[in-house]
Amino acid sequence: MHGTHWGATMKGNEDDDPHCRFSTGHRDRLLDSLHTVIRQAVRVLSVLMMLVILLGTVDVLWVIYQRLAEPPHMLLGISDIFAIFGAFLVVLIAIEIFVNISLYLRDDVIHVKLVVATALMAIARKVIVLDYNTIEPAYVYATAATVLALGVTYWLVSQHART
């Protein structure tokens, strides 16, 4: 079963939509070759994303170590906790992107719900680490509008998936 993806029509079977897929098996050999190259590029991206996740995990450990090693030792302040949260969330976002890539390799479709969820996680990270003392109100409003738009989009995609 395929999830909701870019280009899917609101009616009909998603599997019938040829515009959503980068699979091979077309009548045109050039398109087959190009789609094969794209799939190989996505495989390379998945390996690189795994490297980013591993390096990000090492960075999280490093940030925690640095924050705990600074005086007062073994105590975390609010700014330290926000720095650690930010590092964690970056790795979680990378994992979500890796999941997007993995699903694409399996299904040859881009799952809109997962992409929107990843975007929501990224903007949530931004909201968590915002320093409200140094940013302009317009930035806060724009961020709020983005969160609202992504939330509504996620809800709509979820509702569509249920029908």
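This write-up is about the structure you can find in this document.

Calculation rules
Residues numbered from 1 in each chain as written. Predicted model: local features only at pLDDT ≥ 70, side-chain atom pairs only at ≥ 80, totals over all residues. Heavy atoms only, no water. Helix = DSSP H or I, 4+ residues; strand = E, 2+ residues; numbered from the N terminus. Expected span 1.5 Å × (residues − 1). Buried < 20%, exposed > 50% of the residue type's maximum accessible area, 1.4 Å probe, protein only. Patch = residues over 30% accessible without salt bridge, like charges linked within 9 Å, V, L, I, M, F, W, Y side chains within 5 Å. Areas by Shrake-Rupley, 256 points an atom, 1.4 Å probe, with all protein chains shown as cover. Salt bridge = Lys/Arg side-chain N within 4 Å of Asp/Glu carboxyl O. Polar contact = N/O pair within 3.5 Å; in protein donor to acceptor, adjacent residues only side chain to side chain. Contact = heavy atoms within 4.5 Å.

### Regarding helix 4 (residues 137–162)
- Between its first and last C-alpha, helix 4 extends 38 Å over 26 residues, near the 38 Å set by a 1.5 Å rise per residue.
- Here helix 4 has its buried residues at Thr143, Leu150, Val157, Ser158 and His160.

### Things to note about a nonpolar patch on the surface
- Together, Val44, Leu45, Leu48, Leu51 and Leu55 make up a nonpolar patch on the protein surface, roughly 460 Å² of accessible area in all.
- Mapping Leu45 onto the fold places it in helix 1 (residues 29–69).
- Look at Leu45 and you get partly exposed, because its relative accessible area is 46%.

### Concerning the side chain of Thr143
- For Thr143, the position within the fold is in helix 4.
- Within the structure, the side chain of Thr143 is placed 2.8 Å from the backbone oxygen of Tyr139, a separation counted as a polar contact.
- Thr143 has contacts with Ile123 and Val127, leaving out every residue within four places of it along the chain.

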